[in-house]
Amino acid sequence: TLSRRDALPIWRPDGERTRRLVDALMLDKEIRLALNLLDTANVGSSYAVSSAWTTYTTGNSDPLGDIWTAADNIRVATGYRPTDVLFSEPAWRHFRRHADVINKAGNPYVSAGGLYPGEAAVSQMLEMEVHVGAAYLNSANEGQTGAYTPVWSDGVWIYHRPRNPSIEEPSAGYQFRWTRDGLPNM
């Protein structure tokens, strides 16, 4: 006999299919968003860094300087202070492993030590809300070995977003969805 502890999990194929479909739709939406936002032809200004952040020692790259320079460029170009920064997962990984970021975000009074800073510590240091786009796309055919690539490539997107949606204040990242009579609004 089965006891309550031995209860078998209930398989709900419709719920699993629905969850998988919603995941696929959200991934598709994120891919379209990343393609639009990281295309420099679609944004008001862009800034290319002089060195990749893959070397984590001080002096070889300057991720904090790069972020602050880009933020200053946005402020000068638009008159608005950037409020948010979106790191791709690879860029975030390299950014938070850099010695300068560890030193300044962890404890600005102690040099050369500390843990990798989290999003909250970096948000406080940069005075911008930090987001990490961590979605990966499997471009392999069904049944084949997975071929995973980050949706957000290795980019960083810095932008202004009002805290409440407003048609009176400019914002990056607004999305509009048209509805049609007879179709439910998603």
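Conventions adopted
- Residues numbered from 1 in each chain as written.
- Predicted model: local features only at pLDDT ≥ 70, side-chain atom pairs only at ≥ 80, totals over all residues.
- Heavy atoms only, no water.
- Helix = DSSP H or I, 4+ residues; strand = E, 2+ residues; numbered from the N terminus.
- Buried < 20%, exposed > 50% of the residue type's maximum accessible area, 1.4 Å probe, protein only.
- Contact = heavy atoms within 4.5 Å.
- Areas by Shrake-Rupley, 256 points an atom, 1.4 Å probe, with all protein chains shown as cover.
- Salt bridge = Lys/Arg side-chain N within 4 Å of Asp/Glu carboxyl O.
- pLDDT = per-residue confidence, 0-100.
- Core = buried A, V, L, I, M, F, W, Y, C linked by side-chain atoms within 4.5 Å.
- Pairing = 2+ DSSP bridges.
- Axes fitted to C-alpha atoms, helices over the stretch in contact; angles between N-to-C directions.
- Phe/Tyr/Trp six-rings, centres within 6.5 Å; stacked < 30°, edge-to-face > 60°.
- Arc of directions from axis to C-beta.

> Tell me about the overall build of the protein, and name the residues and values.
Looking only at helices and strands, the protein features five helices and five strands. Ordered by position in the sequence, the α and β elements of the protein form the string α-α-β-α-α-α-β-β-β-β. Taken over 186 residues, the protein has a buried fraction of 26%. Here the analysis covers contacts within the protein between residues at least 6 apart in sequence; of these, 62% occur between residues at least 24 apart. Entry remark: accessible area of the protein is about 13400 Å², with carbon and sulfur atoms responsible for 53%.

> I'd love a proper account of the pattern of salt bridges, names of residues and values included.
This model, assessed by the stated rule, comprises seven salt bridges. Between Asp28 and Arg32 there is a salt bridge, with its nearest N and O atoms 3.1 Å apart. Highlighted residues: Asp28 and Arg32, both in helix H1 (residues 13-37), separated by four residues, approximately one helical turn. For Asp28, a relative accessible area of 39% translates into the label partly exposed. A salt bridge links Asp84 to Arg161; the shortest N-O distance between them is 2.9 Å. Of this pair, Asp84 sits in strand S1 (residues 84-88) while Arg161 sits in the segment after strand S5 (156-159), and the two are 77 residues apart along the sequence.

> Break down the confidence of the model for the protein for me, with residues and values.
Mean pLDDT over the protein: 82, with 83% of residues reaching 70 or higher. Per-element confidence in the protein is highest for strand S2 (residues 129-133), whose mean pLDDT is 95, and lowest for helix H4 (residues 99-106), whose mean pLDDT is 82.

> Tell me about the nonpolar core, residues and numbers included.
Counting residues in each nonpolar core, the largest one holds 19 residues, and the members touching the most others are Ile67, Val85, Phe87, Phe95, Leu126 and Ile158. Counting only elements with at least two residues in this core, the list comes to helix H2 (63-78), S1, helix H3 (89-97), H4 and helix H5 (119-126). Residue contributions to this core peak at five residues, all from H2. Counting residues in each nonpolar core, the second largest holds eight residues, with Ala135, Val151, Trp157 and Tyr159 among its members.

> Any chance you could break down the sheet that holds S2 for me, citing the residues and the numbers?
One key point about sheets: their strands pair by backbone hydrogen bonds, in either a parallel or an antiparallel sense. With respect to topology, three strands assemble into an open sheet ordered S2-S1-S5, the strand pairing being mixed. Unpaired on one side and paired on the other, S2 and S5 mark the two borders of the sheet. Mean inter-strand twist for the sheet, computed between neighbouring axes without regard to direction, equals 15 degrees. Relative to S5, S1 runs antiparallel, the two sharing four bridges. Across the sheet, Val85 pairs through a bridge with Ile158, a residue of S5. Of the strands in this sheet, S1 and S2 touch H5, which is tilted by about 135 degrees from S2.

> Break down the packing of aromatic side chains for me, with residues and values.
All told, the structure shown has five aromatic pairs when counted by the stated rule. Where Phe87 meets Phe95, the ring centres are 4.8 Å apart and the plane angle is 45 degrees; that geometry is what we call tilted. Residue classification places Phe95 among the buried residues on the basis of a relative accessible area of 0%. Taken together through their ring pairs, the aromatic side chains of Trp53, Phe87, Trp92 and Phe95 make up a single cluster.

> Residues and numbers for the environment of Ala120, please.
Structurally, the position occupied by Ala120 is in helix H5. By relative accessible area, which is 64% here, Ala120 ends up exposed. Distance from Ala120 to His131, taken between C-alpha atoms, is 9.9 Å for residues eleven residues apart in sequence.

> I'd love a proper account of H5, names of residues and values included.
Within H5 the residues assigned to the buried category are Val122, Ser123, Met125 and Leu126. Buried positions in H5, seen along its axis, are confined to an arc of 165 degrees and lie on one side of it. In this structure, H5 carries Ala120 and Gln124 as exposed residues pointing more than 90 degrees from its buried face. Immediately downstream of H5, the backbone of Glu127 shows phi near 60 degrees, a positive value.

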